[in-house]
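Residue strings, one per chain:
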Amino acid sequence: MIKEVDIAIVGATTQVAETLLEVLEERKFPVGQIYLLDTESSSGTRLEFDGYALKIGDVHSFEFSQVQIAFFVSTEAVSKEFVEKAASQGCIVIDRTPAFRMDKDVPLIIPEVNEDALEGVHKRKIISSPSCTSIQMLLALKPIYDAVGIKRINVSTYQSVSGSGKNAAEELASQTAALLNFRDVKCKTYPKQIAFNVLPQVGELLDNGYTDEEMKLLHETQKVLNDESISVNATAVRVPVFIGHAASVHLETKEKISAEKVQDLLRQTDGIELLNDQQAGGWPTPVTEAAGNDFVHVGRVREDISGKNGINLWLVTDNMRKGAATNAVQIAEVLVKLYI
């Protein structure tokens, strides 16, 4: 008999929370009691789960001792305020914000890549889920890393507006409608027009000229693979797509590997769908392949013609699902199986 698990979701009015509820239902996660929580300004709203309308409560007054697992899908500030409180009351927290990702005693988990890192989970009872772009990249790179090692990664990401929240999606829609009707656009979420445009900044600019989103790809790669020798050079770009992140990845491997061998490895990797046909349209896109499913889709696999030991890949993933909600649920599934 599968044990039922009482859970809380903090940040219940976010788009990730809505997707999380869908994934919990789809994967038949053994939910007992479920508590939807948010800040006081959002409490009282209702969401549907498994045919029931659930009222959203106030996180400030919630006793986390009532649940075994708490998903935090709100802001980094909310996680910093409440995650340690929740863990101290006995539940295990799965946090998808950056708040604790770089803490040494908090595991940063992609289940297909480093499930074993959960072994010390009861020490602090906090687990972090990596950023959307790190999840898609590392799931695809892990079999290559295991086979021949990786020295250096050059990556450019093309990230949908859903990564910025509901307001960003509304801004893209309203700007698109305005431009098609020959009206001026208004910019609130982004500093410049996003409709029919690309913005070469995702996250906050840092003193070194990179953004915090770009630096995440370096730090999270090294932590998830437990290898600080890997160099990562990233450029993150926001694109006028509603759902789905893409990435162009160039690897410098420690040993020579052929494009054919890379494809063989990817075909054998859980969570990967390979679409690498040598014809027009024989590659994946966020809209046609990635949206609505949990795979990291890989295409354009080819060897680097400019030097030795180089491999190029094109990746697309639904950032709301595997990039956020599904990865969190998969972590919870491992907890139920092995640690709760």
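Chemist: Would you mind going over the side chain of Gln-136 in detail, with residue names and values included?
Modeler: Mapped onto the secondary structure, Gln-136 falls in helix H5 (residues 132-148). Contacts of Gln-136, omitting those with residues within four sequence positions, involve His-245, Ala-246, Ala-247, Val-296, Leu-315, Val-316 and Thr-317.

Chemist: Tell me about helix H2 (residues 76-88), and please be specific about residues and values.
Modeler: In a regular helix each residue adds 1.5 Å, so 13 residues correspond to 18 Å; H2 covers 18 Å between its end C-alpha atoms and thus fits that length. For H2, every residue scored as buried is listed here: Val-78, Ser-79, Phe-82, Val-83, Ala-86 and Ala-87. Buried-residue contacts for H2 involve strand S1 (5-10), strand S5 (69-72), strand S6 (92-95), helix H4 (121-124) and strand S7 (126-128). Looking one or two residues beyond H2, the residue adopting positive phi is Gly-90, at roughly 110°.

Chemist: Account for the pattern of salt bridges, with residues named and values stated.
Modeler: Counted according to the given criterion, the structure contains 15 salt bridges. Put simply, Lys-151 and Glu-252 hold a salt bridge, and the shortest N to O gap is 3.5 Å. Of this pair, Lys-151 sits in strand S8 (residues 150-159) while Glu-252 is found in strand S10 (residues 245-253), placing the two residues 101 residues apart along the sequence. Its salt-bridge partner being Lys-216, residue Glu-213 comes within 3.2 Å of it at the nearest N-O pair. Note that Glu-213 and Lys-216 are positioned in helix H7 (residues 212-224) at a spacing of three residues, about one turn of the helix. Lys-216 shares its class with Glu-213; the two are buried. If you follow the salt bridges from partner to partner, you end up with Glu-84, Asp-103, Asp-105 and Arg-124 in one network.

Chemist: Provide a residue-level description of the packing of aromatic side chains, including the pertinent values.
Modeler: Aromatic ring pairs are reported here in terms of the distance separating the ring centres and the angle at which the planes meet. Applying the stated criterion across every chain, the model contains four aromatic pairs. Here Tyr-35 and Phe-62 contribute two aromatic rings whose centre-to-centre distance is 5.1 Å and whose plane-to-plane angle is 55°, an arrangement assigned as tilted. Of this pair, Tyr-35 sits in strand S2 (residues 31-38) while Phe-62 sits in the loop between strand S4 (52-58) and S5, and the two are 27 residues apart along the sequence. Overall, Tyr-35 belongs to the partly exposed group, its relative accessible area being 24%. Between the aromatic rings of Phe-64 and Phe-72, the centroid separation amounts to 6.0 Å while the plane-to-plane angle is 25°, which identifies the pairing as stacked. According to the relative accessible area criterion, Phe-64 is buried, its value standing at 0%.

Chemist: Mind laying out the environment of Asn-319, listing which residues take part and the relevant values?
Modeler: Relative to the helices and strands, Asn-319 is located in the loop between strand S13 (310-317) and helix H10 (321-339). The spacing of Asn-319 and Asn-181 is 138 residues in sequence and 30 Å in space, taken between C-alpha atoms. Those residues within four positions of Asn-319 in sequence are excluded, and the remaining contacts are Cys-132, Ser-160, Ser-162, Gly-163, Ile-243, Gly-244, His-245 and Ala-324. For Asn-319, the side chain forms a polar contact with the side chain of Ser-162, separated by 2.8 Å.

Chemist: Describe the pairing of S5, with residues and values.
Modeler: Here S5 shows two buried faces, one formed by Ile-69 and Phe-71 and the other by Ala-70 and Phe-72. Bridge analysis of S1 against S5 gives four bridges, and the strand direction is parallel. Bridge pairing in S5 links Ile-7 to Ile-69. Across four bridges, the pairing between S5 and S6 is parallel. Within S6, the position partnered with Phe-71 by the bridge is Ile-94.

The rules behind the values
Residues numbered from 1 in each chain as written. Predicted model: local features only at pLDDT ≥ 70, side-chain atom pairs only at ≥ 80, totals over all residues. Heavy atoms only, no water. Helix = DSSP H or I, 4+ residues; strand = E, 2+ residues; numbered from the N terminus. Contact = heavy atoms within 4.5 Å. Expected span 1.5 Å × (residues − 1). Buried < 20%, exposed > 50% of the residue type's maximum accessible area, 1.4 Å probe, protein only. Salt bridge = Lys/Arg side-chain N within 4 Å of Asp/Glu carboxyl O. Phe/Tyr/Trp six-rings, centres within 6.5 Å; stacked < 30°, edge-to-face > 60°. Polar contact = N/O pair within 3.5 Å; in protein donor to acceptor, adjacent residues only side chain to side chain. Pairing = 2+ DSSP bridges.

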